[in-house]
Amino acid sequence: MGPLFLIVEDDLQISNFIRFSLDSQGYSCLEASTGKEALNALANEPVTTIILDLGLPDIDGLEIIKQVRTFSDLPIIVVSARDQDAEKVEALDAGADDYLTKPFSIKELLARIRVVFRHTGAQNKEVQSVYKFADLEIDLAKHKVMVRGEEVHLTPMEFNILALLLKNYGKVLTHKYILNEVWGSSLENDVQSLRVFMANIRRKLEENPAQPRYIITEVGIGYRFADE
Amino acid sequence: MIEQSKNLVKFKFISRQIGVVLLLTLLATFLSFLIRHLGFTEANIVIVYILSVLLASRYTRGFIYGIFSSFIATLSFNFFFTEPVHTFTVYDKSYIFTFIIMLLAAIFSSTLTSKLISAKEKANAQEKQAQTLYEITSSLAKTRGIKEVISDSMQCLSNLFGCDVICVITDEGSRKLETKTLQKNTGNTHNSELDKDQLNEFIAQYYSEPIQVQDKKVCIICLPQEVADINQENGYLLDSVFIQITIAMEREYLNKEKETAKIETEQERFKSNLLRAVSHDLRTPLSVISGASEMLLHRLDDPEDVNVAQGIYEDSIWLTRFVENILSLTRIQEGRLNVVTQLEAVEEVIAEAIRQVQKHAPNHNISVTIPDEVVFVNMDSKLIVQTLINLLDNAVKHTSPEGDIYITVTLDSGRVWFEVSDNGTGIEESSLDRIFDIFYLTDNHRTDAKRGMGLGLAICKAIVNMHGGEIHAENNTTGGASFYFFLKR
């Protein structure tokens with residue numbers, strides 16, 4: 001049986017458009033226009049992925065994420081407006097897997113879905129150790145990074161950050177998440193140090209740090225290791 | 001006319017004073033005859049005369065009349081009571097001494113009395129002035145509104161000087177000046193109009209005093225000329241009243257200014273709330289339009305249909321940008337005081353802007369040059385990204401699809417310079433200094449072909465200025481245009 005999407009969106013037109021896009025890829029969908037309907041559908045249907053609008057009429061989208069996370073790990077992709085960075089970060093920290101900013105293109109939506117699928121699939125497999133991209137090769141086990149055929153030296157901290165991004169490649173990681181994973185704490189000042197580390201990593205991996213190929217900044221939110 | 005009546009008043013006054021002196025001397029003389037008849041000593045007669053001089057000093061104004069009275073008294077004493085009687089000569093030389101003493105005593109006492117009187121009168125006058133001023137001040141303090149201050153001032157002046165008061169209001173810019181006239185008899189005010197050209201001629205007829213607030217003439221108060229003469233005698237009463245009126249007027253002006261400022265901020269807030277609400281509501285349908293047209297774009301086969309879908313898609317994206325710009329504008333207007341800035345890496349901000357622009361302009365070649373070191377600048381990253389997007393969009397719009405766009409970041413002391421340049425059509429020289437104005441489109445006749453981002457550059461300027469930076473534009477010598485802005489490090 002193929003994946004079953006649950007689209008939680010109070011705007012009928014957007015909901016329709018998302019459904020059409022998913023239909024065209026051969027995915028099947030359920031639609032819910034309120035938080036209650038969504039929770040109902042989750043209880044009764046074998047939903048595999050949720051696409052969730054944060055601004056719902058009855059329940060705060062954030063609340064739904066928290067409730068879902070109490071009983072399930074199923075992927076959640078959040079949809080929200082451009083000026084709701086704080087909400088996006090909160091949603092991601094509460095356990096959402098990725099986010100889309102309105103207006104988004106079908107390409108973006110499908111890319112996010114692919115990333116989500118890959119990571120849910122990867123959970124069952126063994127943790128990957130060697131990653132290969134166009135001109136980049138990283139061996140996590142051997143702590144080795146090759147750029148355009150040449151070995152590049154990364155400090156242990158830089159390597160840890162890169163490894164974390166790689167394990168979640170394609171997925172956006174919030175500042176707080178990265179700090180917690182790598183530092184073990186997340187103070188506001190640390191974001192600044194994180195930026196410096198990211199800048200240094202970019203200088204070692206990227207041809208042009210202002211037009212990065214791999215390490216993408218999600219301004220105000222976090223970082224993403226681009227895979228395509 | 002006035003001169004004559006003045007003289008008449010003066011004459012009446014002097015003759016009354018002299019009458020008082022003569023009457024008192026006459027009474028003293030009768031009393032003295034009585035004393036002599038009764039056989040009392042001459043010393044008593046002298047004392048009676050001195051008394052008359054004292055009384056004369058008391059009931060006349062000015063010591064001149066006192067001295068005059070003492071002369072008359074001495075002469076009467078000499079004439080009626082010293083040998084030879086009914087002549088101004090004396091046999092007994094000791095009387096001359098008596099005369100001198102009597103004269104001196106009379107002069108001293110009369111000057112003393114008149115001084116006392118004038119001192120008392122002065123004190124009374126000052127008290128009255130203080131009282132009047134107090135009344136005027138407290139009455140002006142209660143008034144609200146400029147119109148009321150004017151009518152209240154006119155009433156006070158009319159009460160104080162018992163005359164008609166005219167006030168020409170010079171505040172408004174119109175050619176006709178509003179003129180109020182308060183008549184003392186009826187207490188009624190009537191309004192009339194005065195031509196601006198006749199103003200100087202008109203006020204020359206009166207004793208006029210302009211009331212100024214913050215170097216601006218609010219009104220001119222005109223009083224009859226006589227009041228000015230009374231004023232000289234009354235010390236500075238009139239001046240003090242005018243000062244009080246000015247103070248009251250200033251207070252009202254400040255209140256009015258505060259009120260206007262308050263209304264303006266409210267209107268501003270209302271406007272940006274409305275703009276934001278509208279823009280916010282536009283977003284959702286725009287997402288649908290762009291998403292649906294994009295979907296059609298992939299599904300349709302007929303090239304003509306694809307073209308139509310492409311048009312819908314591109315315009316919806318343009319409109320989305322426009323809405324984002326309006327939202328940024330309202331954010332700037334509201335957040336002028338509380339924009340949260342934090343240190344951001346310049347390269348991350350540039351990368352984000354390029355990513356956004358390349359979604360819709362994948363063919364343009366954008367090259368970036370940044371310093372080797374990581375540059376951090378205090379900013380609101382969203383707004384600076386928006387600035388760069390607008391500049392890049394602008395560059396994209398003015399270059400051919402295969403054109404080149406360059407972003408260069410350079411450092412100088414304390415500043416980070418961003419440059420966005422292209423090799424496109426450039427900017428018309430005549431509009432270089434206006435392109436940052438709101439809704440200014442460089443070439444109006446072409447707006448159908450290429451829709452302007454009239455708001456875009458204006459927002460860039462607003463954002464950069466808000467960060468304490470500056471933005472400029474110029475044409476490159478090799479073709480195309482360059483936009484520069486700097487932020488403080």
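Quick note: structure is the one above.
Described in the following lines is the structure provided in the data block. (Residues numbered from 1 in each chain as written. Chains lettered and ligands numbered in written order. Predicted model: local features only at pLDDT ≥ 70, side-chain atom pairs only at ≥ 80, totals over all residues. Heavy atoms only, no water.)

## Quick notes on the overall build of chain A
Spelled out, the test is: Strands are runs of DSSP state E lasting at least 2 residues, helices are runs of H or I lasting at least 4, and numbering of each runs from the N terminus. Exposure is judged per residue with a 1.4 Å probe applied to protein chains only, and the accessible area is read against the type maximum: over 50% gives exposed, under 20% gives buried, and values in between give partly exposed. By definition in these notes, contact holds between two residues if any of their heavy atoms fall within 4.5 Å. Computed by Shrake-Rupley with a 1.4 Å probe, the accessible areas treat only the displayed protein chains as cover when residues are assessed.
Across its full length, chain A carries eight helices and twelve strands. The buried share of chain A, taken over its 228 residues, is 54%. The contacts of chain A with a sequence gap of at least 6 include a subset with a gap of at least 24, amounting to 56%. Working note: accessible area of chain A is about 10,300 Å², and carbon and sulfur atoms make up 48% of it.

## Here's the deal with the packing of aromatic side chains
To keep it simple, the criterion reads: Classification of ring pairs rests on two measures: the distance between centres of Phe, Tyr or Trp rings, Trp counted by its six-membered ring, which must be within 6.5 Å, and the angle between planes, read as stacked under 30 degrees, edge-to-face over 60 and tilted in between. Whether a charge sits over a ring comes down to the Lys NZ or Arg CZ being within 6 Å of the ring centre and within 35 degrees of the ring normal.
Taken as a whole, this structure holds 22 aromatic pairs over all chains when the rule is applied. Taken together, a centroid distance of 5.6 Å and an interplanar angle of 75° make the contact between Trp183(A) and Phe197(A) edge-to-face. Separated by 14 residues along the polypeptide, Trp183(A) in the loop between α7 (175-182) and α8 (190-205) and Phe197(A) in helix α8 bring together distant segments of the chain. Owing to a relative accessible area of 29%, Trp183(A) belongs among the partly exposed residues under this scheme. Here the aromatic rings of Phe202(B) and Tyr206(B) are separated by 5.5 Å at their centres, their planes lie at 50°, and the arrangement is tilted. Assessed through its relative accessible area of 23%, Tyr206(B) is described here as partly exposed. Taken together through their ring pairs, the aromatic side chains of Phe33(B), Tyr49(B), Phe77(B), Phe79(B), Phe80(B) and Phe81(B) make up a single cluster. One Lys or Arg, Lys256(B), reaches over the ring of Tyr253(B) and ends 5.6 Å from the middle of that ring. Above the plane of the ring of Phe486(B) lies Arg415(B), whose end atom (NZ or CZ) is 3.9 Å from the centre.

## What about the sheet that holds strand β10 (residues 172-174) of chain A?
Residues and elements named next belong to chain A. Note the threshold: Strands are labelled as partners when DSSP assigns at least two bridges between them. Between N-to-C directions, angles span 0 to 180 degrees; the directions come from axes that are lines fitted to C-alpha atoms, helices contributing only their stretch in contact.
One open sheet accounts for three strands, arranged β10-β12-β11; its pairing is antiparallel. The strands lining the two open edges of the sheet, one partner per strand, are β10 and β11 (215-218). Taken pair by pair, the neighbouring strands of this sheet meet at an average axis angle of 30°, ignoring direction. Both β10 and strand β12 (residues 222-225) contribute to a ladder of three bridges, which runs antiparallel. Bridge pairing in β12 places Leu 173 opposite Tyr 223. Taken strand by strand, helix α6 (residues 156-167) contacts β10, β11 and β12, and its axis lies near 65° from that of β12. Across the sheet, α7 is in contact with β10 and β12; its angle to β10 comes to roughly 75°.

## Digging into empty space enclosed by the protein
In plain terms, the rule: Within this scheme a cavity is a closed region of a 1 Å grid, computed over the protein atoms alone, that accommodates a 1.4 Å probe without allowing it to escape, whereas a pocket is open but has protein on both sides within 12 Å along at least five of seven lines; lining residues each have an atom within 4 Å of a point. Grid points are joined across faces, edges and corners, and a volume is the space filled by probe spheres set on the points. Polar here means any residue other than Ala, Val, Leu, Ile, Met, Phe, Trp, Tyr, Cys and Pro, which are nonpolar, and Asp, Glu, Lys and Arg, which are charged; Gly is therefore polar.
Evaluated as defined, the whole model comprises three cavities of 30 Å³ or more. Of the volumes computed, that of the largest cavity is approximately 40 Å³. Going through the elements one at a time, β11 of chain A together with α10 (346-360) of chain B are the ones with two or more residues in the lining of the largest cavity. Per-class residue counts for the lining of the largest cavity are two nonpolar, three polar and four charged.

## Some words on a negative patch on the surface
All names here are of chain A. We count it as follows: A patch consists of residues whose relative accessible area exceeds 30% and which take part in no salt bridge; residues with like charges are grouped when within 9 Å of each other, and nonpolar side chains (Val, Leu, Ile, Met, Phe, Trp, Tyr) when within 5 Å. Each reported salt bridge corresponds to a side-chain nitrogen of Lys or Arg within 4 Å of a carboxyl oxygen of Asp or Glu. By the counting scheme adopted, Arg and Lys are positive, Glu and Asp are negative, and His together with the chain ends is not counted. Every charge is mapped onto a representative atom, which is NZ of Lys, CZ of Arg, CG of Asp or CD of Glu.
Together, Asp 60, Glu 63, Glu 87, Glu 90 and Asp 93 give the surface a local cluster of negative charge. Here the negative patch takes three residues from helix α4 (residues 85-94), the largest share from any one element. Relative to the assigned elements, Asp 93 resides in helix α4. The exposure class assigned to Asp 93 is partly exposed, which follows from its relative accessible area of 34%.

## Quick word on the sheet that holds strand β9 (residues 404-412) of chain B
All names here are of chain B. The sheet built from five strands is open, its strands ordered β7-β9-β10-β12-β11 with mixed pairing. A single partner strand is all that each edge strand has here, and the edge strands are β7 (365-369) and β11 (470-475). On average, each strand axis in the sheet is inclined to that of its neighbour by 15°, with strand direction left out of account. Relative to strand β10 (residues 415-422), β9 runs antiparallel, the two sharing eight bridges. Note on β10: the bridge partner recorded for Thr 408 is Glu 419. Here helix α11 (residues 381-397) sits on the sheet and contacts β7, β9, β10, β11 and β12 (481-488); the angle it forms with β12, its principal contact strand, is near 170°.

Bear in mind that shape data such as this cannot, by itself, settle questions of function.
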